Amino acid sequence: MNILECKNICKSYKKNFPVLYNFNIEIPTGRIVGLLGPNGCGKSTLMKLISGLLQADSGEILISGNPVGEKSKALISYLPERTYFSSNMRVSELVDYFEDFYSDFDTQRAYKLLADLGIDPEASLKALSKGTKEKVQLILVMSRNARLYLLDEPIAGVDPAAREYILSTIVGNYNPDATIIITTHLITDVEQVLDDFVFLGFGGRILLAGNAEEARNESGKSLDELFKEVFRC
Amino acid sequence: MLRKLLKYDFKAVFRYWWIAALSSVALAFAGGWSISVFTSEKALPTAVIVLAILVAIIAVLGVFAFSLLTVIFVYSRFYKNLFTDEGYLTFTLPVKRSQLLNSKLITGIVAGSLTGFVLLIDVIIALCVGLPDIFFNAELIRSFIDEVALEIIRETGFYLVIYILEALLLFILVGIFSNLFIFCCITIGSIIAKKAKIITAIAIYYVANSVFTFVIQIFMLFGVDAVTGWIAGIEENLFCPIFALIMLCGILFIGTVCTMLYSLQYWMLDRKLNLA
């Protein structure tokens, strides 16, 4: 069964400048999918449409058969590319917040991951560094047993050691029956964990897509090299 | 889910509200002392009078600041929680848009009502401390009850209950209207402006408020004479039911405006949201 189906999705921010035009995709369950493309091709817009932050101008999005709404949001764990919590809270208050609203939130896992990183649950979010805040956010997202994880640039702006930790946290803590969609520019770091990939061009055109391992075997190139070839300026 | 949203909205808005409320109560005592100095029959030193003037000014400013802080707490929570990066979390919660809006609205109404209640307590405290001879004068209170309160009951009869219920409903609807009006201004400001969203929202508020005030003034200019002339011609025994009917018309009008504002606000949150 497909966890995500997008049918003829159109979205534009300005008239005559569509970010996504008749975009179609079906993503099955239990896969880690890399959504890769240049800046402005619609990756983040697609993430926002699926998570319910934006409304499509036309078309249909189904998450496990549910249209975008209250039910689909309970199935999705979304990590945006920016920090989204109130700095007036403490880490433990944020954990309580997630526990309150998401029935699939694993509080024990969240505290274990925080302890692994040496993050004091009673620390104020205001006092944490940018990188630590991003890790806290990732821990909260990955502590849910969601059906679909949407991770928008999870490793951008962090050092290489932190990137490795983030990727291992993603792979080590997600529900194996779930699907993860990752958008990133740092393909070299991410491609080792990807099952499938989608190269997205401007207007939401899918230029190349498939199984990551098969693509590497057939072309003899890494995904990063394929990306550079497809999107050569 | 509405209860959970309310829990966090209340936590955010009332986190520092209670400190401001306690401060205003303390200032009410100080203001009461100033009144007692101004109304004292004794000749007091100039320094005491000057101090009383300063304390009175601080007390008035403090009470005003408390009201302003409530406004800031409520509307900054609305703005930050929905239109800044926090919106990425808020709008992806598994809740309905209407629940998000209702939570903010209920929080605003409760905060406004509690602030009004505290301000009333402030006035009572100031009068009790400043004018104890008048405030605790049993004779004066008895004559007020006899001359004013009982007279009202005699004139209105059963309609007094209707007036009280209508006044309560009007109070709630006015609270809903004021909150929705400012919510709409903030939302429109956030949608149309890329930068300086709050300034845009304030500008929209002043323009919309000015238009509204202008319309009311036109009515006052041409309508009041007609209405008062009509009221003067009403038979005395029909005055109470007609007044109740006029209040009901007012309730229906404000209720309709509130419904329109709620629908507009909901539509903007549903269709026009674009967190950058």
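The numbering scheme is per chain: residues are counted from 1 as the chain's sequence reads. All chains are assigned letters beginning at A, and all ligands numbers beginning at 1, according to the order in which they are written. Selection of residues for local features in this predicted model requires a pLDDT of at least 70, selection of side-chain atom pairs for listing and counting requires 80 or more, and totals for whole chains, interfaces and linings are taken over all residues. Where side-chain values are given, they derive from all heavy atoms of the structure, hydrogens and water being excluded.

Draft legend 1. Fine view of the overall build of chain A. Helix and strand definitions here come from DSSP, where helices need a minimum of 4 consecutive H or I residues and strands a minimum of 2 consecutive E residues; each element is numbered from the N-terminal end. The number of helices and strands found in chain A is nine helices and 10 strands. The globule rule used for comparison is 2.2 Å times the number of residues to the exponent 0.38, while the radius of gyration itself is calculated over C-alpha atoms. Taken against the 2.2 N^0.38 rule, which gives 17 Å for 233 residues, the C-alpha radius of gyration of chain A at 18 Å falls within 12% of a compact globule. Once the C-alpha set of chain A is aligned to its principal axes, its extents read approximately 45 × 40 × 35 Å. Any residue under 20% of the maximum accessible area for its type is buried, any over 50% is exposed, and the rest in between are partly exposed; the area is computed with a 1.4 Å probe on protein chains only. The 233 residues of chain A split such that 54% are buried. Should any heavy atoms of two residues lie within 4.5 Å, those residues are counted as being in contact. Intrachain contacts of chain A at a sequence separation of at least 6 include 71% that bridge at least 24 residues. Counted as positive: Lys and Arg. Counted as negative: Asp and Glu. His and the chain ends are not counted at all. For charged residues, the charge sits on one atom: NZ in Lys, CZ in Arg, CG in Asp, CD in Glu. The average position of the 25 basic charges and that of the 31 acidic charges among the side chains of chain A differ by 7 Å.

Draft legend 2. Geometry of the layout of surface pockets. A cavity here means a set of points on a 1 Å grid, drawn over the protein atoms and nothing else, where a 1.4 Å probe fits but cannot get out; a pocket is an open set with protein on both sides within 12 Å along at least five of seven lines, and a residue lines either one if it has an atom within 4 Å of a point. Grid points are joined across faces, edges and corners, and a volume is the space filled by probe spheres set on the points. In this structure, the largest pocket encloses a volume near 720 Å³. What lines the largest pocket is a set of 23 residues, among which Y13 of chain A together with I191, K272, L273 and N274 of chain B lie closest to the centre. Counting residues per element, the ones that place at least two in the lining of the largest pocket are strand 1 (2–14) of chain A together with helix 8 (159–192) and helix 10 (236–271) of chain B. What lines the second largest pocket is a set of 23 residues, and nearest its centre among them are Y75, G112, G175, S178 and N179 of chain B. The greatest single-element share of the lining of the second largest pocket, amounting to eight residues, is contributed by helix 8 of chain B. Residue classes follow a fixed rule: Ala, Val, Leu, Ile, Met, Phe, Trp, Tyr, Cys and Pro count as nonpolar, while Asp, Glu, Lys and Arg count as charged, and any other residue, Gly among them, counts as polar. A per-class count over the lining of the second largest pocket returns 12 nonpolar, 11 polar and no charged. Mapped onto the domain boundaries, the lining of the second largest pocket takes at least three residues apiece from domain 1 (1–136) and domain 2 (138–276) of chain B. The source of the domain bounds is an automatic or database domain assignment.

Draft legend 3. Expanded view of the interface of chain A and chain B. In this complex, chain A contributes 27 residues to the contact, which on the side of chain B involves 27 residues. Buried area is understood as the total, over both parts, of accessible area removed when two parts are fitted together, assessed with a 1.4 Å probe. Summed over both sides, the interface between chain A and chain B buries roughly 2,600 Å², with carbon and sulfur atoms accounting for 54% of that surface. By definition here, a salt bridge exists when the distance from a side-chain nitrogen of Lys or Arg to a carboxyl oxygen of Asp or Glu is within 4 Å. Across the contact surface, chain A and chain B share two salt bridges. Across the pair D100 of chain A and K7 of chain B runs a salt bridge whose closest N-O atoms are separated by 2.8 Å. Under this definition, polar contacts are N or O atom pairs within 3.5 Å; protein pairs additionally need one hydrogen-donor-capable and one acceptor-capable atom, and for neighbouring residues in sequence, both atoms have to be side-chain atoms. Our count for the contact surface shared by chain A and chain B stands at nine residue pairs in polar contact (both at pLDDT 80 or more). The set of elements that each furnish at least two residues to the side of chain A that touches chain B consists of helix 1 (43–51), helix 2 (70–75) and helix 3 (91–101) of chain A. It is helix 3 of chain A that provides the largest number of residues to the side of chain A that touches chain B, a total of six residues. Tallied by class, residues from the side of chain A that touches chain B come to 14 nonpolar, six polar and seven charged.

Draft legend 4. Up close: the domain arrangement of chain B. Residue and element names in this part refer to chain B. Per the domain assignment, the segments making up chain B are domain 1 (1–136) and domain 2 (138–276). Across the boundary between the two partners, domain 1 contributes 22 residues, which contact 24 residues of domain 2. For the pair domain 1 and domain 2, the summed buried surface comes to about 2,100 Å²; carbon and sulfur atoms form 74% of the total. Our enumeration of links across domain 1 and domain 2 arrives at one salt bridge.

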